Amino acid sequence: MRETSSRTEDHIQILFSINLTEYLDIWDVDMVKQRHEVNKQSHHTHLYASDHLIVRRAQQFQMKITFNRPYKPKEDKFAVEFVIGASPQYSKGTYIPVFPTEERQSTWRGQVIESNDNVVTMGITTAHDCIVGKYGMYVAVVTRYGIRRTRRDPNWDLYIIFNPWSPGDSVFLDDEEQREEYVMNELGIIYHGAYDDISERAWNYGQFEFGILDACLFIMDKADMPLTNRGDPVKISRKASAMLNSRDDEGVLVGNWSGDYIYGVAPTSWTGSVEILLNYASSGGLPVCYAQCWVYAAVFNTFLRCLGIPGRVVTNYFSAHDNDGNLKMDIILDDNGKVDRNRTKDSIWNYHCWNECYMTRPDLPEGFGGWQVVDATPQETSDGMYRCGPASVAAIKHGQVCYPFDASFVFAEVNSDVVFYRRDKEGTLQPVKVNTSHVGRMVLTKAVLHDGRKDITEQYKFPEGSPEERRVLEKAEEFGCQREKASVPEGDVTVEIAALEVQLGDDFELVLEFTNRSSQHRTVDIYISGSVVYYTGVPSAEVVLKTPTVKVDPQQSKKKSVLVHSKDYQSELVEQGNLHFIATGKVKETGQIITAMRLINVAGSPRVSEEMYVTVEFTNPFKFRLENVYVRLEGPGIMSIHTKHMIGPGTTISWTERFSPRRAGTTKLMASLDCAALRQVYGETEITIQP
């Protein structure tokens, strides 16, 4: 009896072993993830510094599965399973099984491209709206005893990002040159300065550098963004506009416009996004110090391009920041025509940088897709958080400011009027001059595939004074945007401040030209105020105040010069080195108020030399010592490097760094020098790396 029982157990074990070997067993999986292989080449992800497979959605990719025997389509049943998140569910799109046969398909399509001996090459096409992020992958075989599934292997993880090459994706951009610029280009140019004295700085977006893709996904994790929202570029860009600043959600960058950067890096010192994003991610989400608008926009651009959303940095010259939420920038004058700075609260930024990202807008009527404004600079709250956009550029141009998100705010940034009010002794405000063309003077972005500028002002607004512009403003008023409608009579005396270039340390003459178009003599009591201002238009210190009286003959013009000494402004200069002059006055004979404004940029910067070693040189031109001087160097293929120096008066530092480029091609190296006494010192050089 005991012998029979033993033989029966052996028989059962043999049967069980035979039954399992009838089914497929997974020996190996090849994700075809090498940079030179078909997946990364066809999906335009070969530049990412990652050992994992990175593919774009709505486009087929390949993987090779090695079984223990040849695959038999009529007998064998297996699936490739993709999961994302902690609790994957098919109904939420976080668990996706992909089958090799047409008879059974899920939201992602699968097919056997080739079966050779024991190796099956699978083609997998993800859904056009699938979640963007990092997926785990398993292979599961169906047996009569249940499902045989591979163990978790991090080497099989893959990233799925947006696909501007696919017509099915909501970020599809139907222009190859624009895709090369707005998705693939790692280097950018950001414009600043003034509209009549444009400055530019190169920026290393570094969207393909090691760790940047993980850092961008970490930002969405830090925001607790639901996975089900991470396939929608509208929701992702809106969430990112909040998370790139730290005002209310422990986001990436701390804003600082004070001029005191002792606890962090001065905004003018950054040369790229890589160091910022890696620091944020590696610290577990500790905000990085410090940023101003162009830094927010540049890092946001890295985020967009890294995830596959076409993006570009845009600069608006004379950008309105109106605390009242209307279309008026109010400048209050006293009864004599002098600016009342205590009552003038609105500010006009010399320039302001934001981003545009390209996507469809299924939540808006047809025609309002395409470029969308998003802005991470914390200016005003939107739905309770410091964020802005996405706002349709087409909606802004046509005055459809009722559409989400924040179109009315952006509309005001490019369309506000500058209104001068005279405040009498009783406190009554009377408009005395309206300037309709000062704000939104020019909107620039980098040109496609070369380093020139592209003026995109006409994408935001119709020509000043055109019938189309009047209709747009009337449309915006229908949605609650208030304008100054009072009729201000045109006077017979005007004043203009001539443009000029000023180098740091120069004395210069400010020239005002008065024109009398009447047939009588005119006498003008004029107030000339010159202030050092931050680029946000906020005054730091008044350095010039002159009150001449000017007499102008009938039908004549007369120039009046005011000498400005460097000793009056140099010690007060803040970063960006801007002087803002405003002339306001009263014509004695008529009581007419006249006004003029001029922004003057104080410039000067060194250059950088290059070769296998890059050398940064700087000579201290001042008679005092520069302390705690930080020099930074950055470019694609090398990490940001910084050193600390002290530079004596009249002495020169020369700092040489050896670097090993990671890949061939033309690129740029950027260097910046920063200390408390001297900001905005910057240089760049272009280099060509041979294969």
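Residues numbered from 1 in each chain as written. Predicted model: local features only at pLDDT ≥ 70, side-chain atom pairs only at ≥ 80, totals over all residues. Heavy atoms only, no water.

A. Here's a closer look at the state of the cysteines. Scanning the model with the defined rule gives zero disulfides in all. Here C293 is not cross-linked by a disulfide; its sulfur's nearest cysteine counterpart is in C353, at 4.2 Å. Under the relative-accessibility criterion, C293 is labelled buried at 0%. With no disulfide partner, C306 has as its closest neighbouring cysteine sulfur the one in C216, 4.0 Å distant. (Disulfide = S-S within 2.5 Å. Buried < 20%, exposed > 50% of the residue type's maximum accessible area, 1.4 Å probe, protein only.)

B. Representation of the environment of L429 in the model. Its place among the elements puts L429 in strand β23 (residues 429-435). You can call L429 partly exposed: its relative accessible area is 43%. Separated by 97 residues in the primary sequence, L429 and I332 have C-alpha atoms spaced 8.0 Å apart. If we ignore the near neighbours within four places in the chain, the residues touching L429 are I332, Y421, R422 and R423. (Helix = DSSP H or I, 4+ residues; strand = E, 2+ residues; numbered from the N terminus. Contact = heavy atoms within 4.5 Å.)

C. Fine view of helix α7 (residues 293-307). A rise of 1.5 Å per residue sets the reference length of α7, with its 15 residues, at 21 Å; its end C-alpha atoms lie 21 Å apart and thus fit the reference within 8%. Positive backbone phi, approximately 95°, marks G308, located one or two places after α7. (Expected span 1.5 Å × (residues − 1).)

D. Region of interest: the packing of aromatic side chains. Going through the model one piece at a time under the given rule, you end up with 20 aromatic pairs. Ring centres of W354 and Y460 lie 6.0 Å apart, and the angle between their planes is 50°; this geometry places the pair in the tilted category. Remark: Y460 occurs in helix α10 (residues 457-460) and W354 occurs in strand β17 (residues 347-359); sequence separation between them is 106 residues. On the accessibility criterion, W354 (0% relative accessible area) is buried. Classification of Y460 as buried rests on a relative accessible area of 0%. Within the aromatic cluster, the residues linked to one another by ring pairs are W257, W294, W349, Y351 and Y535. For the cation-ring pair, R247 lies above Y386, with the distance from its terminal atom to the ring centre recorded as 4.1 Å. Positioned over the ring face of Y195 is R441, at 4.4 Å from the centre of the ring. (Phe/Tyr/Trp six-rings, centres within 6.5 Å; stacked < 30°, edge-to-face > 60°. Lys NZ or Arg CZ within 6 Å of the ring centre and 35° of its normal.)

E. Quick peek at the packing of helix α5 (residues 233-243) against α7. Between α5 and α7, the least distance of the axes is 11 Å, while the angle of their chain directions is 150°. The angle between α5 and α7 places the two elements in the roughly antiparallel class. Relative to α7, the crossing made by α5 is right-handed. Across the interface between the two elements, I236, S237, A240 and S241 of α5 pack against F300, F303 and L307 of α7. (Axes fitted to C-alpha atoms, helices over the stretch in contact; angles between N-to-C directions. Parallel < 35°, antiparallel > 145°, perpendicular 65-115°, else oblique. Left-handed = near helix turned anticlockwise from the far one by under 90°.)

F. The sheet that holds strand β32 (residues 556-564), seen in detail. The strand order across the open sheet formed by three strands is β26-β28-β32, and the pairing between neighbours is antiparallel. The open sheet is flanked by β26 (493-497) and β32, the only strands paired with a single partner. Each adjacent strand pair in this sheet contributes to an overall mean axis angle of 20°, direction not counted. (Pairing = 2+ DSSP bridges.)

G. Representation of the environment of A376 in the model. Mapped onto the secondary structure, A376 falls in the loop between β18 (370-375) and β19 (381-382). A376 sits 22 residues away from W354 along the chain, and the two C-alpha atoms are 7.4 Å apart. With residues near it in sequence (within four places) discarded, A376 still touches S241, L244, N245, Y296 and F300.

H. View of the pairing of strand β3 (residues 60-67). Of the two faces of β3, the one lined by F61, M63, I65 and F67 is fully buried and the one lined by Q60, Q62, K64 and T66 carries no buried residue. Across four bridges, the pairing between strand β1 (residues 26-30) and β3 is antiparallel. Paired with D30 across the bridge in β3 is K64. The pairing of β3 with strand β7 (residues 119-125) spans seven bridges and is classified as antiparallel. Paired with F61 across the two strands is I124, which belongs to β7.

I. A look at the packing of helix α4 (residues 212-222) against helix α6 (residues 274-282). Axis separation between α4 and α6 bottoms out at 9 Å; the angle between their running directions is 50°. With respect to each other, α4 and α6 are oriented oblique. Regarding α4 and α6, the two cross each other, and that crossing is left-handed. For the pair formed by α4 and α6, the contact residues are I212, A215, F218, I219 and K222 on the first element and V274, L277, L278, Y280 and A281 on the second. Class assignment for the residues of the contact of α4 with α6 results in nine nonpolar, no polar and one charged. (Nonpolar A, V, L, I, M, F, W, Y, C, P; charged D, E, K, R; others polar.)

J. Up close: the sheet that holds strand β21 (residues 388-392). Ordered in space as β21-β18-β17-β15-β24-β25, the six strands form an open sheet in which the pairing is antiparallel. Two strands lie at the open edges of the sheet, namely β21 and β25 (453-455), each paired on one side alone. Looking at each pair of strands side by side, their axes are set apart by 30° on average, direction ignored. As paired elements, strand β24 (residues 442-446) and β25 share three bridges and run antiparallel to each other. Within β25, the position partnered with T445 by the bridge is K454.

K. Quick peek at empty space enclosed by the protein. If you walk through the whole model with that rule in mind, you get four cavities of 30 Å³ or more. Considered as a void within the structure, the second largest cavity measures approximately 60 Å³ in volume. Taken together, E181, Y182, G188, I189, Y205, R305, R312, V313, T445 and K446 make up the lining of the second largest cavity. Of all the secondary-structure elements, those providing two or more residues to the lining of the second largest cavity are α3 (176-184), β11 (187-194), β15 (311-321) and β24. Of the residues belonging to the lining of the second largest cavity, the class tally is four nonpolar, two polar and four charged. (1 Å grid on protein atoms, 1.4 Å probe; cavity = no way out; pocket = protein on both sides within 12 Å on 5 of 7 lines; lining within 4 Å. Points joined across faces, edges and corners; volume = space filled by probe spheres on them.)

L. Representation of unusual backbone geometry. A cis geometry characterises the amide bond from C289 onward to Y290, with omega recorded as 5°. In this fold, Y290 is placed in strand β14 (residues 288-291). Cis geometry marks the peptide bond from G389 to P390, where omega comes out at 5°. Turning to its location among the elements, P390 is positioned in strand β21. A positive phi angle, close to 50°, is found at V32, a residue other than glycine.

M. Seen up close, the pattern of salt bridges. Using the criterion set out here, one finds 22 salt bridges in the structure. D196 is paired through a salt bridge with R598; the nearest N and O atoms lie 2.6 Å apart. Of this pair, D196 sits in the loop between β11 and β12 (197-204) while R598 sits in strand β34 (residues 593-603), placing them 402 residues apart in sequence. Among the ionic pairs, E464 bridges to K461, the shortest N-O distance being 3.1 Å. (Salt bridge = Lys/Arg side-chain N within 4 Å of Asp/Glu carboxyl O.)

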